Amino acid sequence: MVRDIEYIVIVDEAFNLYLRRGGFMKKVIYLDNAATTKVRPEVVEAMLPYYTEYYGNPSSVYEFSTPCKKAMAHTREVIANALGAKTEEIYFTNGGTESDNWALKAAAEAYASKGKHIITTTIEHHAILHTAEYLAKNGYEVTYVPVDENGSLNLEALKQAIRPDTILISVMFANNEIGTIQPIKEIGEIAKEHGILFHTDAVQAFGHEPINVDEYHIDMLSASAHKLHGPKGVGFLYIRKGLKLRSFIHGGAQERKRRAGTENVPGIVGLGKCVELAMASMEETKKKETELRDYLIERVLSEIPYTRLNGHRTQRLSNNTNFAFQFIEGESLLIMLDMAGICGSSGSACTSGSLDPSHVLLAIGLPHEIAHGSLRLTLSDETTKEEIDYTIDNLKGIVERLRSMSPLYEDFVKSREKKDI
């Protein structure tokens, strides 16, 4: 009941702020780039001809479809070069979720005669966790290896989880909520040493971090265009040559008979262009984002008391920050930030409608009441220092206001005052 009254007060205040600012915000500060990104103009420009000029079906035999075939081949080559892979190892999908499903389900089916044990972690994206749950209901065993307080996988725990019947290890390259980058090379070496397939969900990392599939001993890798300023609804799955994975979507003979359905040629073109741009500017972008990220972290931690940074301090994505503010609710914080024209999130975009605290934050040891007060702010190379300052200045006032309405914070302050007497 108290929470309901508090929520009504917050909405009322946010609406008043909205009116004082003259209605809809003319400027939006977008700090939710882990959820999705703005499509770059160069990407849109590259895609447009494949809607109106080169619109043939790439499976057709006539010459009119040749530009589509060439465009798809070019994108495959761009991605392969980015990963140190072969072009025939790249398969187009509709995004990261499909790629994750394909990797786990197809590997489980193809190698069931060897064993039915799969290893993953407690902080994976739900595309992995829910697929693992599906497999567990269909005769497979899944071990969820824990992470430490920074969200880093314990390599010794991983080794101990391996069994003679283990057929697959799936560990995300970098976490979508707290940004922690996993020791992928070491995990790949462990998998290879034991003759186990290794899949990584690189949706957040591909195009942001250098990845070489041979150096890291990666057998399968998932990625999505819309996380690196490309279009939504297109991604890919890297499958190492020689793996006996069957079709995931049945129908026609597209994608070398492994993924049926007419290809999304404009999307694939956009995927290729955004990967080209990302690879060309990766070093420069990482440098800029890291400087802004660290500036944001330092200001928030030093200027807002009772705040915790979630995720590894340095081994994290260059654009990711995630904070837990004690004594407040994350959803209230997001509403008031939104009214100030600031877009953030409390966790994964795929679970933003859930009232449950983030499974990632619980996995790194945060209690429910603190996990509920989380805020993820993720940058892009277009984010400016002025936008960060504006965000922090608003954030300070919002946190202070929300805490002033919190009975828990009031009790905390009173208990501290008694200790000081």
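(A) A look at the pairing of strand β3 (residues 117–121). Burial runs high along β3: 5 of the 5 residues are buried. The alternating pattern of β3 places His 117, Ile 119 and Thr 121 on one face and Ile 118 and Thr 120 on the opposite face, and all of these are buried. Direction of pairing for β3 relative to strand β4 (residues 141–145): parallel, over a ladder of 5 bridges. Along β4, the bridge assignment pairs Ile 119 with Thr 143. Note: β3 against strand β5 (residues 166–170), 3 bridges, orientation parallel. Its bridge partner being in β5, Ile 119 is matched across the sheet by Ile 169.

(B) Seen up close, unusual backbone geometry. We note that His 217 has phi near 55°; this positive angle belongs to a residue other than glycine. By the element assignment, His 217 lies in the loop between β6 (197–201) and β7 (220–224). Residue His 217 is classed as partly exposed on the basis of its relative accessible area, which comes to 21%. The backbone of His 229 shows a phi angle near 65°, a positive value even though the residue is not glycine. Positionally, His 229 belongs in the loop between β7 and β8 (235–239).

(C) Region of interest: the packing of helix α4 (residues 66–83) against helix α10 (residues 265–303). Across the interface, α4 lies against α10 with an axial gap of 9 Å and an inter-helix angle of 35°. Of the two possible hands of crossing, α4 and α10 adopt the one that is left-handed. Across from Cys 68, Ala 71, Met 72, His 74, Thr 75, Val 78, Ile 79 and Ala 82 in α4, the residues of α10 making contact are Val 265, Ile 268, Val 269, Leu 271, Gly 272, Val 275, Glu 276 and Met 279. Of the residues belonging to the contact of α4 with α10, the class tally is 12 nonpolar, 3 polar and 1 charged.

(D) Expanded view of the pattern of salt bridges. Under the criterion given, the structure shown has 24 salt bridges. Residue Lys 38 pairs with Glu 382 through a salt bridge whose shortest N-O separation is 2.9 Å. Placement of the pair is Lys 38 in the loop between β1 (29–30) and α2 (41–47) and Glu 382 in the loop between β12 (374–378) and α14 (385–404), with a sequence separation of 344 residues. Asp 219 is the salt-bridge partner of Arg 240, the closest N and O atoms lying 3.3 Å from each other. Taken together, the positions of Arg 240 in the loop between β8 and α9 (254–257) and Asp 219 in the loop between β6 and β7 put the pair 21 residues apart, joining distant regions of the chain. By relative accessible area, which is 12% here, Asp 219 ends up buried.

(E) Structural view of the nonpolar core. The biggest cluster of nonpolar side chains holds 53 residues, and the ones touching the most others in it are Leu 83, Ile 169, Phe 206, Ile 211 and Phe 236. Elements supplying a minimum of two residues to this core: α2, α4, β2 (90–93), α7 (155–161), α8 (184–193), β7, β8 and α10. Here the element with the most residues in this core is α4; it accounts for 8 residues. In this view, Leu 83 contacts Ile 90, Phe 206, Ile 211, Asn 212, Val 213, Leu 221, Phe 236 and Tyr 238; residues no more than four positions away in its chain are not counted.

(F) Representation of the pairing of β5. Counting buried positions along β5 yields 5 of 5 residues, so the element is predominantly enclosed. Of the strand pairs in this sheet, β5 and β6 are connected by 3 bridges, and their pairing is parallel. Opposite Ile 169, over in β6, you have Phe 198 as the bridge partner.

(G) Inspection of the packing of helix α5 (residues 96–110) against helix α6 (residues 126–136) at higher detail. Where α5 meets α6, the closest approach of the two axes is 9 Å, and the angle between their N-to-C directions is 30°. Between α5 and α6, the crossing angle belongs to the class labelled roughly parallel. Every pair of crossing elements has a handedness; the one defined by α5 and α6 is right-handed. When α5 is examined against α6, the residues Thr 97, Asp 100, Asn 101, Leu 104, Lys 105 and Ala 108 are found in contact with a partner set consisting of Ala 127, Ile 128, Thr 131, Ala 132, Tyr 134 and Leu 135. In terms of residue class, the contact of α5 with α6 is made up of 7 nonpolar, 3 polar and 2 charged.

(H) Region of the structure containing α6. Three or more residues of α6 are buried, namely His 126, Ala 127, Ile 128, Leu 129, Thr 131, Ala 132 and Leu 135. Against α5, β3, β4, β5, β6 and α12 (359–363) lie the buried residues of α6.

Calculation criteria
Residues numbered from 1 in each chain as written. Predicted model: local features only at pLDDT ≥ 70, side-chain atom pairs only at ≥ 80, totals over all residues. Heavy atoms only, no water. Buried < 20%, exposed > 50% of the residue type's maximum accessible area, 1.4 Å probe, protein only. Helix = DSSP H or I, 4+ residues; strand = E, 2+ residues; numbered from the N terminus. Pairing = 2+ DSSP bridges. Axes fitted to C-alpha atoms, helices over the stretch in contact; angles between N-to-C directions. Left-handed = near helix turned anticlockwise from the far one by under 90°. Contact = heavy atoms within 4.5 Å. Nonpolar A, V, L, I, M, F, W, Y, C, P; charged D, E, K, R; others polar. Salt bridge = Lys/Arg side-chain N within 4 Å of Asp/Glu carboxyl O. Core = buried A, V, L, I, M, F, W, Y, C linked by side-chain atoms within 4.5 Å. Parallel < 35°, antiparallel > 145°, perpendicular 65-115°, else oblique.

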